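Structural description and commentary
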Amino acid sequence: LQISETFYARSLFLRLAVEVALDNPVFGVGPGSFIRLVPTYQRLLGLPDSSWVDNANNFYAQVAAELGAAGVLLVGVTIWLFYRSARDARRSELT
């Protein structure tokens, strides 16, 4: 029962984050603003109130909600650069 309740709560926060991101696709709602919008979106979507939330429980969904496509692109480029740097460092160790 505990696992299903946790899964349900996480899926609600994911849905909220996706809705916020879709409503603010380019630049999002701003860093840290997702938490403040949870009650508003819960009412708009007819979701049950939650007494506790401090994040979307999904990094990428929260980035999309708070920073929009610009933030998602920035995170993607950062991950790609990190991967490329690690790959190049590994290759130089092998030679």
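Below, the discussion takes up the packing of helix 1 (residues 2-23) against helix 3 (residues 59-94). For any two helices packed against each other, one specifies the crossing angle of their axes together with the interaxial distance. For the pair helix 1 and helix 3, interaxial distance at closest approach is 8 Å and the crossing angle is 30°. Here helix 1 and helix 3 pass one another in a crossing that is left-handed. In this structure, helix 1 contributes Leu14, Ala17, Val20 and Ala21 to the contact, and helix 3 contributes Ala61, Ala64 and Ala65. When its residues are assigned to classes, the contact of helix 1 with helix 3 shows 7 nonpolar, no polar and no charged.

Packing of helix 1 against helix 2 (residues 34-45) brings their axes to within 10 Å, and their N-to-C directions diverge by 95°. Comparing the axis directions of helix 1 and helix 2 gives the class roughly perpendicular. Every residue of helix 2 that contacts helix 1 at Phe13, Arg15, Leu16, Ala17, Glu19, Val20 and Asp23 is listed here: Phe34, Leu37, Val38, Tyr41, Gln42 and Leu45. Of the residues belonging to the contact of helix 1 with helix 2, the class tally is 9 nonpolar, 1 polar and 3 charged.

Along the chain, Phe34 turns up in helix 2. Residue classification places Phe34 among the buried positions, given a relative accessible area of 1%. Remark: the alpha-carbon pair of Phe34 and Glu19, spanning 15 residues in sequence, is separated by 11 Å. Among residues more than four places away in sequence, those in contact with Phe34 are Phe13, Leu16, Ala17, Val20, Val29, Asn55, Ala56, Gln62, Ala65 and Glu66.

Turning to the pattern of salt bridges, a few remarks are in order. Applying the stated criterion across every chain yields a total of 2 salt bridges. Close ionic contact of Arg87 with Asp88 constitutes a salt bridge, the shortest N to O distance being 3.4 Å. Close ionic contact of Glu93 with Arg90 constitutes a salt bridge, the shortest N to O distance being 3.5 Å. Of this pair, Glu93 and Arg90 both sit in helix 3, separated by 3 residues, roughly a single helical turn.

Locating Pro48 in the fold gives a position in the loop between helix 2 and helix 3. Residue classification places Pro48 among the partly exposed residues on the basis of a relative accessible area of 41%. Distance from Pro48 to Leu12, taken between C-alpha atoms, is 9.0 Å for residues 36 residues apart in sequence. Excluding residues that lie within four positions of it along the chain, Pro48 makes contacts with Tyr8, Leu12 and Gln42.

Rules used in this analysis
- Each chain has its residues counted from 1, running along the sequence as written.
- Predicted model: local features are reported for residues with pLDDT of at least 70 only, side-chain atom pairs are reported and counted for 80 or more only, and whole-chain, interface and lining totals are derived from all residues.
- Based on all heavy atoms of the structure, the side-chain values leave hydrogens and waters out of the count.
- Simply put, an axis is a line fit to the C-alpha atoms, just over the touching stretch for a helix, and the angle between two N-to-C directions goes from 0 to 180 degrees.
- A run of DSSP states H or I qualifies as a helix once it reaches four residues; a run of E qualifies as a strand once it reaches two. Both are numbered from the N-terminal end.
- Take the far helix as your reference; a near helix turned counterclockwise from it by less than a right angle gives a left-handed crossing, and one turned clockwise gives a right-handed crossing.
- Any two residues whose heavy atoms approach within 4.5 Å at even a single point are treated as in contact.
- Residue polarity is assigned by list, with Asp, Glu, Lys and Arg as charged and Ala, Val, Leu, Ile, Met, Phe, Trp, Tyr, Cys and Pro as nonpolar; anything else, Gly included, falls into the polar class.
- Orientation is classified from the angle alone, with under 35 degrees giving roughly parallel, over 145 giving roughly antiparallel, 65 to 115 giving roughly perpendicular, and any other angle giving oblique.
- Summary of the burial criterion: residues with accessible area below 20% of their type's maximum are buried, those above 50% are exposed, and those between are partly exposed, where the area comes from a 1.4 Å probe applied to protein chains only.
- Only one rule defines a salt bridge in this text: a Lys or Arg side-chain nitrogen within 4 Å of an Asp or Glu carboxyl oxygen.

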